[in-house]
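So the chains spell out like this:
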Amino acid sequence: MSRLFIVPLLLCIVWYLVMRYFHIPFAKGRIGFYWIIAISALLIGFMTLMIHLTEHG
(Lines give C-alpha, C1' and ligand atoms only; values in the text may rest on other atoms or scores of the structure.)
Protein backbone atom coordinates (compact mmCIF):
# COMPACT_ATOMS: atom_id res chain seq x y z
CA MET A 1 0.00 0.00 0.00
CA SER A 2 2.78 2.42 0.84
CA ARG A 3 4.20 1.99 -2.67
CA LEU A 4 1.23 3.94 -4.02
CA PHE A 5 2.82 7.13 -2.74
CA ILE A 6 5.73 6.60 -5.14
CA VAL A 7 3.41 6.93 -8.17
CA PRO A 8 2.87 10.72 -7.95
CA LEU A 9 6.59 11.22 -7.37
CA LEU A 10 7.47 9.23 -10.49
CA LEU A 11 4.81 11.02 -12.54
CA CYS A 12 6.13 14.41 -11.43
CA ILE A 13 9.67 13.41 -12.39
CA VAL A 14 8.48 12.25 -15.81
CA TRP A 15 6.51 15.49 -16.28
CA TYR A 16 9.57 17.53 -15.31
CA LEU A 17 11.69 15.65 -17.87
CA VAL A 18 9.03 16.21 -20.55
CA MET A 19 9.00 19.93 -19.74
CA ARG A 20 12.79 20.06 -20.03
CA TYR A 21 12.78 18.15 -23.32
CA PHE A 22 10.18 20.42 -24.95
CA HIS A 23 11.61 23.61 -23.35
CA ILE A 24 8.38 24.40 -21.48
CA PRO A 25 8.97 27.02 -18.77
CA PHE A 26 8.11 25.97 -15.24
CA ALA A 27 5.49 28.71 -14.93
CA LYS A 28 3.53 27.19 -17.83
CA GLY A 29 4.04 23.57 -16.82
CA ARG A 30 3.21 24.10 -13.15
CA ILE A 31 -0.46 23.27 -13.73
CA GLY A 32 0.62 19.79 -14.84
CA PHE A 33 2.08 19.14 -11.41
CA TYR A 34 -1.20 20.23 -9.81
CA TRP A 35 -3.14 17.81 -12.01
CA ILE A 36 -0.76 14.95 -11.27
CA ILE A 37 -0.96 15.51 -7.51
CA ALA A 38 -4.74 15.98 -7.48
CA ILE A 39 -5.55 12.91 -9.57
CA SER A 40 -3.02 10.78 -7.67
CA ALA A 41 -4.46 11.91 -4.33
CA LEU A 42 -7.98 11.00 -5.46
CA LEU A 43 -6.82 7.61 -6.72
CA ILE A 44 -4.86 6.82 -3.56
CA GLY A 45 -7.79 7.94 -1.41
CA PHE A 46 -10.21 5.76 -3.36
CA MET A 47 -7.94 2.72 -3.14
CA THR A 48 -7.41 3.25 0.59
CA LEU A 49 -11.16 3.53 1.12
CA MET A 50 -11.77 0.33 -0.84
CA ILE A 51 -9.16 -1.55 1.17
CA HIS A 52 -10.80 -0.45 4.44
CA LEU A 53 -14.31 -1.23 3.22
CA THR A 54 -13.45 -4.70 1.94
CA GLU A 55 -11.37 -5.77 4.95
CA HIS A 56 -12.59 -9.01 6.46
CA GLY A 57 -11.39 -8.11 9.97
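As shown above, the structure is provided for reference.
Fair warning: this is a prediction, and the values are worked out from it, not measured in the lab.

## Observations concerning the overall build of the protein chain
Within the protein chain, the regular secondary structure consists of two helices and zero strands. For 57 residues, the compact-globule formula gives about 10 Å, and the C-alpha radius of gyration of the protein chain, at 15 Å, lies well above that figure. Across its three principal axes, the protein chain shows a C-alpha extent of roughly 50 × 15 × 10 Å. In the protein chain, buried positions account for 16% of the 57 residues. When the accessible surface of the protein chain is summed, it comes to about 5000 Å², and 76% of that surface belongs to carbon and sulfur atoms.

## A look at the environment of phenylalanine 46
Of note, phenylalanine 46 is situated in helix H2 (residues 26–53). For phenylalanine 46, a relative accessible area of 48% gives the class partly exposed. Along the sequence, phenylalanine 46 and tryptophan 35 sit 11 residues apart, while their C-alpha atoms lie 16 Å from each other.

## Notes on the packing of aromatic side chains
In total, this model carries two aromatic pairs according to the counting rule given. Between tyrosine 21 and phenylalanine 22 the ring centres are 4.9 Å apart and the planes differ by 85°, which places this aromatic pair in the edge-to-face class. For the pair tyrosine 21 and phenylalanine 22, a shared accessibility class is recorded, and that class is exposed. With centroids separated by 5.7 Å and ring planes inclined at 35°, the aromatic side chains of phenylalanine 26 and phenylalanine 33 adopt a geometry described as tilted. With a relative accessible area of 49%, phenylalanine 26 lands in the partly exposed category. Owing to a relative accessible area of 13%, phenylalanine 33 belongs among the buried residues under this scheme.

Parameters at a glance
Residues numbered from 1 in each chain as written. Predicted model: local features only at pLDDT ≥ 70, side-chain atom pairs only at ≥ 80, totals over all residues. Heavy atoms only, no water. Helix = DSSP H or I, 4+ residues; strand = E, 2+ residues; numbered from the N terminus. Rg over C-alpha atoms; globule rule 2.2 N^0.38 Å. Buried < 20%, exposed > 50% of the residue type's maximum accessible area, 1.4 Å probe, protein only. Areas by Shrake-Rupley, 256 points an atom, 1.4 Å probe, with all protein chains shown as cover. Phe/Tyr/Trp six-rings, centres within 6.5 Å; stacked < 30°, edge-to-face > 60°.

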